[in-house]
Amino acid sequence: MAVLTVLEYPDKRLRTVAKPITEFTTALQTQIDDMLDTMYDENGLGLAATQVDYHHRLVVMDFSEERNEPLVFINPTFDILNDEPNECQEGCLSVPGFYEHIYRAAKVKVHALDRHGKAFSLEVDELMAVCVQHEIDHLDGKLMVDYLSPLKRNRIKSKLEKAHKLALKQG
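Let me sum up the structure you'll find in this document.

Each value, and the rule that gives it
Residues numbered from 1 in each chain as written. Predicted model: local features only at pLDDT ≥ 70, side-chain atom pairs only at ≥ 80, totals over all residues. Heavy atoms only, no water. Helix = DSSP H or I, 4+ residues; strand = E, 2+ residues; numbered from the N terminus. Rg over C-alpha atoms; globule rule 2.2 N^0.38 Å. Buried < 20%, exposed > 50% of the residue type's maximum accessible area, 1.4 Å probe, protein only. Contact = heavy atoms within 4.5 Å. Areas by Shrake-Rupley, 256 points an atom, 1.4 Å probe, with all protein chains shown as cover. Lys, Arg positive; Asp, Glu negative; His and termini not counted. Charge placed at Lys NZ, Arg CZ, Asp CG, Glu CD. Expected span 1.5 Å × (residues − 1). Salt bridge = Lys/Arg side-chain N within 4 Å of Asp/Glu carboxyl O.

Considerations on the overall build of the protein chain
- Helix and strand content of the protein chain: 3 helices and 5 strands.
- Order of helices (α) and strands (β) in the protein chain, N terminus to C terminus: α-β-β-β-β-β-α-α.
- Taken against the 2.2 N^0.38 rule, which gives 16 Å for 171 residues, the C-alpha radius of gyration of the protein chain at 16 Å falls within 12% of a compact globule.
- By the burial criterion, 43% of the 171 residues in the protein chain qualify as buried.
- For the protein chain, the proportion of contacts with a sequence separation of at least 24, taken over those separated by at least 6, is 65%.
- Entry remark: accessible area of the protein chain is about 9,300 Å², with carbon and sulfur atoms responsible for 51%.
- The positive charge centre, built from 20 side chains, and the negative charge centre, built from 28, are 10 Å apart in the protein chain.

Quick look at the structure:
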């Protein structure tokens, strides 16, 4: 198992629309484990494959206190069960250091395959509903900054670009 590099905004690869998974191989199982290791190492609640430069429809999450109840969503989709806007302060491993108020559906039903290809559905609300919508956005090439005003989005982009340049200089 390995910790992978998380792509950071404004990296263009984050805009890639992920392709469906059709084969459940040993390589896929390793990828799932590596993504879980990365999510835990980064102290995230969820991670989409796009964020680690894998461009297929795979999301991992874990909301447990002990960080030992991983959830795997392959080819996830969701239906909105309650479209009452739920405002949540969102962060993103690909937009480090920024937390913004985003409106998402309050309750959704997610449909996916598990790591072995078995179909399941799960009704989720509150933080988990936000996370499901956030991670599926990643698979569609959309980021949380897309919900912000152009002014805020450009401010974040500028700050992250400066941080990336500084990190390269310090090498």
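Having put the structure on the table, let's press on.
Let's talk about helix H2 (residues 126-139)
- In this model, H2 (14 residues) spans 21 Å end to end at C-alpha, consistent with the 20 Å of a helix rising 1.5 Å per residue.
- Within H2, 12 of the 14 residues are buried, which leaves it mostly tucked inside the rest of the structure.
- Of all the positions in H2, only Met-128, Ala-129, Val-130, Cys-131, Val-132, Gln-133, His-134, Glu-135, Ile-136, Asp-137, His-138 and Leu-139 are classed as buried.
- Those residues of H2 that are buried are in contact with strand S1 (46-48), strand S2 (58-61), strand S3 (71-92), strand S4 (95-113) and strand S5 (119-125).
- Positive phi shows up at Gly-141, right after H2, with a value of about 80°.

What to know about the environment of Ile-74
- Here Ile-74 lies in strand S3.
- Here the alpha-carbon distance between Ile-74 and Asp-140, two residues 66 residues apart in the chain, equals 14 Å.
- Apart from the residues lying within four places of it in its own chain, the contact partners of Ile-74 are Ile-21, Phe-24, Leu-28, Ile-32, Arg-57, Leu-58, Ala-112, Leu-113, Asp-114 and Arg-115.

Quick word on unusual backbone geometry
- Pro-10 follows Tyr-9 through a cis peptide bond whose omega is 15°.
- Within the secondary structure layout, Pro-10 lies in the segment before helix H1 (26-41).
- If you check the backbone angles, Asn-43 has positive phi at about 60° while not being a glycine.
- Looking at where Asn-43 falls in the secondary structure, it is placed in the loop between H1 and S1.
- Given the relative accessible area of 66%, Asn-43 is considered exposed.
- The phi dihedral of Glu-126 is positive, around 50°, even though this residue is not glycine.
- Along the chain, Glu-126 falls in helix H2.

Observations regarding the pattern of salt bridges
- Scanning the model with the defined rule gives 10 salt bridges in all.
- One salt bridge connects Arg-13 with Asp-11, and the closest N-O pair in it is separated by 2.6 Å.
- For Asp-11, a relative accessible area of 22% gives the class partly exposed.
- Where Asp-53 meets Arg-13, a salt bridge forms, and the shortest distance between an N and an O atom there is 3.1 Å. Placement of the pair is Asp-53 in the loop between S1 and S2 and Arg-13 in the segment before H1, with a sequence separation of 40 residues.

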